[in-house]
There are 2 protein chains.
Amino acid sequence: MEKHRSFCPVNLTLEVFGDKWSLIIIRDIMFEGKRYFRELLQSEEKIASNILTDRLVMLEREGIISKADDPGHKQKYIYSLTEKGIDLLPIMVEIGAWSIKHRPVDLKKHKHAVDLVKGGKELQKEIRKDLVKQHIK
Amino acid sequence: MEKHRSFCPVNLTLEVFGDKWSLIIIRDIMFEGKRYFRELLQSEEKIASNILTDRLVMLEREGIISKADDPGHKQKYIYSLTEKGIDLLPIMVEIGAWSIKHRPVDLKKHKHAVDLVKGGKELQKEIRKDLVKQHIK
DNA sequence: AAAACCAGTTGCATTTTGCAATTTGTTTTG
DNA sequence: CAAAACAAATTGCAAAATGCAACTGGTTTT
């Protein structure tokens, strides 16, 4: 039985990403190239394995990522972004822009984020193309 | 003593907005023209008064909104967006766009959101100007 | 003077999160 | 082949956040 607090666009997004971890996972898959549980566990912010499990299940249920067996390693799974997940790129970029302007971002450590924000729609389009290549089919 | 999980742009944004309510409040101030506690309490999603109090304090502490006495009503306070708050507009628009594309948004009820997304950067610039006029100085 | 309004506050039950240890099975190493 | 390391979780439990309803002290309206 699915239930929504409302059918407002902002709310419907918060119902998926309104927590401290979901977008961290998306960030690591999208920008750090992480594809495995163990890799995602290594985030700078130190996500706990039970939370990671919970979020991966939720993100898969919501159609934002997909999970597939790793060919050649029976107990490994590879996580991919779906198109719905890749479509989060513009949100991530705007979040980056706001954060760089208004929060104490470590600019040296996150130069790639600065570049992405400065790169505009053209760079975004390229990154999107790479993501599609890496994640979709 | 302030402490961050990391100095990544995405994380630093989540440290402020990584919950189910903060952006709902921003939405109501930004797009619904709400300025008072009682008005914000009337959100469609039914925020509880203690949560609202908590988030307004946090958002003010983070410099995203400001709180001022209402002239001519001793116990009323008026909440305004700061420039930092108004700068969230592009994030809200991208959230709206993603949600309209991928989540079960009620398009009839939220036609203004559809318009905003379709309006592009020009409309966004106008809305920004209105917000500055209404909220800053 | 009474009723309604205002911005919260309080108390308490439920839910979510955080952390460390453990589990079940699979690969790799010596 | 046996032992160690790796993989994706699961479990148990304490702490923090959330949700809900009732209440508070004061102000404005009727």
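All values derive from a computational prediction rather than experimental measurement. (Residues numbered from 1 in each chain as written. Chains lettered and ligands numbered in written order. Predicted model: local features only at pLDDT ≥ 70, side-chain atom pairs only at ≥ 80, totals over all residues. Heavy atoms only, no water.)

### So, the overall build of chain A
Looking only at helices and strands, chain A features 7 helices and 2 strands. Listed N to C, the secondary structure of chain A is α-α-α-α-β-β-α-α-α in terms of helices and strands. For a compact globule of 137 residues, the expected C-alpha radius of gyration is about 14 Å, and chain A comes in at 16 Å, within 12% of that figure. C-alpha extents for chain A along the principal axes are approximately 40 × 40 × 30 Å. A burial count over chain A gives 50% of its 137 residues as buried. Taking contacts inside chain A between residues at least 6 apart in sequence as the whole, the part at least 24 apart equals 49%. When the accessible surface of chain A is totalled, it reaches about 7500 Å², and 54% of it is carbon and sulfur. Placing the 26 positive and 21 negative side-chain charges of chain A at their respective mean positions leaves the two points 2 Å apart. (Helix = DSSP H or I, 4+ residues; strand = E, 2+ residues; numbered from the N terminus. Rg over C-alpha atoms; globule rule 2.2 N^0.38 Å. Buried < 20%, exposed > 50% of the residue type's maximum accessible area, 1.4 Å probe, protein only. Contact = heavy atoms within 4.5 Å. Areas by Shrake-Rupley, 256 points an atom, 1.4 Å probe, with all protein chains shown as cover. Lys, Arg positive; Asp, Glu negative; His and termini not counted. Charge placed at Lys NZ, Arg CZ, Asp CG, Glu CD.)

### Let's talk about the protein's contact with DNA strand C
Lining the immediate surroundings of DNA strand C are 20 residues, of which N50, K74 and Q75 of chain A together with R38 and Y79 of chain B lie closest. Considering DNA strand C, the proportion of its atoms within 4 Å of the protein that are sugar or phosphate atoms stands at 57%. Q75 of chain B has a polar side-chain atom sitting 2.8 Å from a base oxygen of DNA strand C. Contributing elements (two or more residues each) for the surface near DNA strand C: α4 (49-61) and β2 (73-81) of chain A together with α3 (37-41), α4 (49-61) and β2 (77-81) of chain B. Classifying every residue of the surface near DNA strand C by side-chain character gives 7 nonpolar, 8 polar and 5 charged. (Near = heavy atom within 4 Å. Polar contact = N/O pair within 3.5 Å; in protein donor to acceptor, adjacent residues only side chain to side chain. Nonpolar A, V, L, I, M, F, W, Y, C, P; charged D, E, K, R; others polar.)

### Thoughts on the relation of the copies chain A and chain B
Rotating chain A by 180° and translating it 0.0 Å along the rotation axis places it on chain B, where the RMSD comes to 0.0 Å. The transformation just described matches what one would write down for a two-fold rotation axis. In terms of proximity to the rotation axis, the leading residue of chain A is D19 of chain A, whose C-alpha is 2.4 Å off the axis. Taken together, the interface assignments show that 100% of the residues at the interface of chain A recur at the interface of chain B, consistent with an identical surface on both copies. (Least-squares fit on C-alpha atoms with pLDDT ≥ 70 in both.)

### Thoughts on the environment of I100 of chain B
All names here are of chain B. By the element assignment, I100 lies in helix α6 (residues 89-102). Separated by 38 residues in sequence, I100 and E62 place their C-alpha atoms 29 Å apart. Beyond its immediate chain neighbours, meaning those up to four positions away, I100 contacts V105, L107, A113, V114 and V117.

### With respect to the protein's contact with DNA strand D
Neighbouring DNA strand D are 20 residues; R38 and Y79 of chain A together with W21, N50 and Q75 of chain B lie closest to it. With respect to DNA strand D, the side chain of K67 of chain A contributes an N or O atom lying 3.1 Å from a phosphate oxygen. Side-chain polar atom of N50 of chain B to a base nitrogen of DNA strand D: 2.5 Å apart, as the coordinates give it. Listed by contribution, the elements that provide at least two residues to the surface near DNA strand D are α3 (37-41), α4 and β2 of chain A together with α4 of chain B.

### Points about the side chain of R27 of chain A
Inspection of the secondary structure puts R27 of chain A in helix α2 (residues 22-31). Look at R27 of chain A and you get buried, because its relative accessible area is 6%.

### Quick word on the side chain of H4 of chain B
If you trace the backbone, H4 of chain B turns up in the segment before α1 (9-17). Residue classification places H4 of chain B among the buried positions, given a relative accessible area of 18%. There is a polar contact of 2.6 Å between the side chain of H4 of chain B and the side chain of E15 of chain B. Sequence-distant contacts of H4 of chain B, defined by excluding residues within four places in its chain, comprise R103 and P104 of chain A together with L12 and E15 of chain B.

### Describing the UniProt feature "domain: HTH hxlR-type" (unreviewed entry) in chain A
Per the UniProt annotation, the sites labelled "domain: HTH hxlR-type" (unreviewed entry) are residues 8-107 of chain A. For residues 8-107 of chain A, helix accounts for 55% and strand for 15%, while the C-alpha atoms at its two ends are 35 Å apart. (UniProt positions renumbered as here; feature names shortened; annotations may be inferred.)

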